[in-house]
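# Tertiary structure, described
These are the residues of each chain, in order.
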Amino acid sequence: MKKFIDGMIHSLKEKALSKCNEVVDRQVQYVELKQVKSCLAFSTADEEGKKAVAYLAKRLGNVKVDKLYVVEEETDMIETDDLVLLRKEDLSFGGKIRNEYLEAMCRRKYDLAVDLTMLTTPVAKYVFSHTKASLIAGMKKEGNGADLVVEPVEHVTDFVNKLVRILGDIKKG
C-alpha cells in the first residue's frame, strides 16, 4: 500500500513539474564532433543507463561528459559537480526541483546534451527545457524536444553510434 501511495504522490509531483512552462533562452547550434568539448548525458541510474553513459563517453573521446541520472531506487552513487542524481524526493508539489546540483548543472553551457532514455518523462522535459546546451540530441519518441532526433534505432548503443556519425559529418560552415 505504501508503494502505491508513494507512486501516486510521485505522479502528482510529475504533473506539477510538467506544467512548468519556463524555458531557457538558448541558441541552437549544430556543432561538429571535433568542436564538442562538453556534454551533458541524461539517463536512468540502472545498470543499462550507466552502461549507456559510459559508452557515450567512450565514443565521444576526450569530451568532458557530465552525468545526470534519474534514480528510481536506492543507490550508493554520490553526487559531485559532474554527476547529479535526481531522486523522487527532489520534486516538490509546486513543480519545483529541489536539487542544487541539478540547478548548477542546468546553468552550465554545454556543447551537447544527450537524452539516453527510451521514454519522454516530465523530468526529462524539465531538464532539456532548462539546459543551456547548444544542441540537444535524442532518440525518436513521443514528446521528444530534441533539436537533433536520431532514428531509427534499435538500442541505445545504436543511437550513440549514429549520433557520433552524424556529428562527425557536420562541417563548420
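Above this note sits the structure.
Here is a short report on the structure shown in this document. Computed from a predicted structure; not experimentally measured.

## Observations regarding the overall build of the protein chain
Looking only at helices and strands, one finds five helices and six strands in the protein chain. Of the regular secondary structure in the protein chain, the N- to C-terminal order runs α-β-α-β-β-α-β-α-β-β-α. Burial analysis of the protein chain (173 residues in total) assigns 45% to the buried set. Across the protein chain, the fraction of contacts at a sequence separation of at least 24, relative to all contacts at a separation of at least 6, is 58%. Here the protein chain has roughly 10000 Å² of accessible surface; of this, 52% comes from carbon and sulfur atoms.

## With respect to the packing of aromatic side chains
Each aromatic ring pair is summarised here by two numbers: the centre-to-centre distance and the angle between the ring planes. Following the criterion strictly, the structure yields one aromatic pair and no others. Relative to Phe128, the ring of Phe42 lies with its centre 5.5 Å away and its plane at 75 degrees, an arrangement referred to as edge-to-face. Of the two residues, Phe42 is situated in strand β1 (residues 38–44) and Phe128 in helix α4 (residues 122–130); the sequence distance between them amounts to 86 residues. The exposure class assigned to Phe42 is buried, which follows from its relative accessible area of 1%.

## Describing a negative patch on the surface
Together, Asp46, Glu48, Glu72 and Glu73 give the surface a local cluster of negative charge. By the secondary structure assignment, Glu72 is in the loop between β2 (64–70) and β3 (83–86). Taking the relative accessible area as the measure of exposure, Glu72 reaches 53% and is therefore exposed.

## Focus on the pattern of salt bridges
Under the counting rule described, the total for this entry stands at five salt bridges. In this structure, Glu47 and Lys50 form a salt bridge, with 3.6 Å as the shortest nitrogen-oxygen distance. Of this pair, Glu47 and Lys50 both sit in helix α2 (residues 47–60), separated by three residues, roughly a single helical turn. Of the charged contacts, one joins Lys64 and Asp66 as a salt bridge, the two residues approaching to 2.6 Å between their closest N and O atoms. One continuous salt-bridge network, built from bridges that share partners, spans Lys64, Asp66 and Arg108.

## Considerations on the pairing of β2
Across the seven residues of β2, five count as buried, placing the element largely inside the fold. Here seven bridges tie β1 to β2, and the two strands are oriented parallel to one another. By the bridge assignment for β2, Leu40 is matched with Asp66. In this fold, the crossover linking β1 to β2 by way of α2 has right-handed handedness. In this sheet, β3 lies alongside β2 in parallel orientation, the contact comprising four bridges. Note that in β3 the partner of Lys67 across the bridge is Leu83.

## Considering the side chain of Ser43
Mapped onto the elements, Ser43 comes out in strand β1. In this view, Ser43 contacts Gly49, Val53, Leu68, Tyr69, Val70, Leu116 and Thr117; residues no more than four positions away in its chain are not counted.

## Some remarks on unusual backbone geometry
Residue Pro152 follows Glu151 across a cis peptide bond; omega there is -20 degrees. Looking at the secondary structure, you find Pro152 in the loop between β6 (148–150) and α5 (156–169).

## Side note on the packing of α2 against α5
Helices that pack against each other are described as a pair by the angle of their axes relative to one another and the distance between those axes. One can describe the packing of α2 onto α5 by two numbers: an axis separation of 10 Å at closest approach and a directional angle of 20 degrees. As summarised for this structure, α2 and α5 are arranged roughly parallel, according to the angle between their axes. Relative to α5, the crossing made by α2 is right-handed. On α5, the residues touching Ala52, Tyr55, Leu56, Arg59 and Leu60 of α2 are Val156, Thr157, Val160, Asn161 and Val164.

Conventions adopted
- Residues numbered from 1 in each chain as written.
- Predicted model: local features only at pLDDT ≥ 70, side-chain atom pairs only at ≥ 80, totals over all residues.
- Heavy atoms only, no water.
- Helix = DSSP H or I, 4+ residues; strand = E, 2+ residues; numbered from the N terminus.
- Buried < 20%, exposed > 50% of the residue type's maximum accessible area, 1.4 Å probe, protein only.
- Contact = heavy atoms within 4.5 Å.
- Areas by Shrake-Rupley, 256 points an atom, 1.4 Å probe, with all protein chains shown as cover.
- Phe/Tyr/Trp six-rings, centres within 6.5 Å; stacked < 30°, edge-to-face > 60°.
- Patch = residues over 30% accessible without salt bridge, like charges linked within 9 Å, V, L, I, M, F, W, Y side chains within 5 Å.
- Salt bridge = Lys/Arg side-chain N within 4 Å of Asp/Glu carboxyl O.
- Lys, Arg positive; Asp, Glu negative; His and termini not counted.
- Charge placed at Lys NZ, Arg CZ, Asp CG, Glu CD.
- Pairing = 2+ DSSP bridges.
- Right-handed = clockwise from strand over helix to strand, strands pointing away.
- Axes fitted to C-alpha atoms, helices over the stretch in contact; angles between N-to-C directions.
- Parallel < 35°, antiparallel > 145°, perpendicular 65-115°, else oblique.
- Left-handed = near helix turned anticlockwise from the far one by under 90°.

These values are about where atoms sit, not about what they do.
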